Amino acid sequence: MPRATTRPQPAGREPGAAPAAPLAPTPSQTIGPFFGYALPFPGGGQIAPAGHPDTVTVHGLVRDGTGAPVPDALLEFWQAGPDGSLTGAPGSLRRDPATGAAIGRDGVDFTGFGRVPTDADGRYVLRTLPATAPAGRPDAAPYLAVCVFARGLLHHLATRVYFPEHATAHAADPLLAQLPTERARTLLARADGPGRYRFDVQLQQTADGTHEETVFLAFR
């Protein structure tokens with residue numbers, strides 16, 4: 001959060017002189033594509049343990065308000081574990097012993113977290129375990145939480161991915177239930193093969209209405 005600062009007093013200012021007026025808060029700075037050089041790490045989209053039989057693939061496209069793909073977006077995913085827990089697996093990220101740089105996951109533990117950059121065509125791929133509802137939220141439908149970073153965004157965007165096999169739970173979900181049907185559809189992945197789901201992120205509705213803006217969330 002930007003905050004106001006005070007101009008330093010010039011050297012030799014008269015004792016008792018009025019202090020300088022405080023500066024106005026500064027605006028947020030545009031993020032990216034700088035984050036694309038430091039934040040992605042090998043295996044960032046491999047949330048499921050290696051070889052896990054229940055692994056599913058979530059893939060899609062990030063588009064801007066003209067319908068063009070965004071080649072330098074970054075998506076972060078969070079999800080509850082199979083038991084609904086949100087603890088993840090601390091220490092599961094492997095690091096280079098010399099440099100300390102992240103070199104991938106240990107391939108054993110389910111972390112519940114993934115970070116995936118889009119490619120030159122604006123596409124991303126995530127391999128994870130089926131979504132579950134967080135423990136203690138019996139009214140919530142299973143979902144993946146998503147955070148979107150992209151060029152031109154002053155603040156990251158938060159959204160969710162819901163899945164078609166949980167249609168009964170969607171009717172009672174606190175978020176989906178308050179959205180018009182056509183808007184709720186922007187949060188629903190669609191199956192496009194065994195264990196495969198397509199979920200596109202639309203940063204802004206296109207002028208011709210072909211692509212409707214994804215529902216983004218504000219946290220207070």
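Residues numbered from 1 in each chain as written. Predicted model: local features only at pLDDT ≥ 70, side-chain atom pairs only at ≥ 80, totals over all residues. Heavy atoms only, no water.

**Q** Run through the overall build of the protein, naming residues and quoting values.
**A** Helix and strand content of the protein: 2 helices and 11 strands. Counting from the amino terminus, helix and strand elements in the protein follow one another as β-β-β-β-β-β-β-β-α-α-β-β-β. Taken across its 220 residues, the protein has 38% of its residues classed as buried. Restricting to contacts in the protein with at least 6 residues of sequence separation, those with at least 24 account for 68%. Total accessible area on the protein is roughly 12,600 Å²; 57% of this is exposed by carbon and sulfur atoms. (Helix = DSSP H or I, 4+ residues; strand = E, 2+ residues; numbered from the N terminus. Buried < 20%, exposed > 50% of the residue type's maximum accessible area, 1.4 Å probe, protein only. Contact = heavy atoms within 4.5 Å. Areas by Shrake-Rupley, 256 points an atom, 1.4 Å probe, with all protein chains shown as cover.)

**Q** Give a detailed account of the pattern of salt bridges, specifying residues and quantitative values.
**A** The final tally for this structure, using the stated rule, is 7 salt bridges. A salt bridge links Asp192 to Arg196, with the nearest nitrogen and oxygen atoms 3.3 Å apart. A relative accessible area of 33% means that Asp192 is categorised as partly exposed. Note on Arg196: relative accessible area 36%, which makes it partly exposed. One connected set of salt bridges, linked through shared partners, spans Arg63, Arg198 and Asp200. (Salt bridge = Lys/Arg side-chain N within 4 Å of Asp/Glu carboxyl O.)

**Q** Break down the sheet that holds strand 8 (residues 157–162) for me, citing the residues and quoting the values.
**A** Spatial strand order, 5-2-7-8: 4 strands in an open sheet with antiparallel pairing. One side of each edge strand has no neighbouring strand; the edge strands of this open sheet are strand 5 (113–117) and strand 8. Across the sheet, the mean angle separating the axes of adjacent strands is 25° when strand polarity is ignored. Pairing of strand 2 (residues 74–78) with strand 7 (residues 143–149) involves 5 bridges; the strand directions are antiparallel. (Pairing = 2+ DSSP bridges. Axes fitted to C-alpha atoms, helices over the stretch in contact; angles between N-to-C directions.)

**Q** Give a detailed account of the nonpolar core, specifying residues and quantitative values.
**A** The biggest cluster of nonpolar side chains holds 28 residues, and the ones touching the most others in it are Phe77, Leu144, Phe163 and Leu203. Where this core is concerned, the elements lending two or more residues are strand 1 (56–63), strand 2, strand 6 (123–128), strand 7 and strand 8. When sequence neighbours within four positions are dropped, the list of residues in contact with Phe77 reads Ile47, Gly112, Phe113, Gly114, Val116, Tyr124, Leu126, Leu144, Ala145 and Val146. Counting 8 residues, the second largest nonpolar core, distinct from the first, contains Tyr162, Leu175, Leu176 and Val215. (Core = buried A, V, L, I, M, F, W, Y, C linked by side-chain atoms within 4.5 Å.)

**Q** Could you give an account of the side chain of Thr128, with specific residues and numbers?
**A** Tracing the sequence through the fold places Thr128 in strand 6. In this structure the side chain of Thr128 is engaged in a polar contact, spanning 2.4 Å, whose partner is the side chain of Gln79. (Polar contact = N/O pair within 3.5 Å; in protein donor to acceptor, adjacent residues only side chain to side chain.)

Read these as geometric descriptors, not functional statements.
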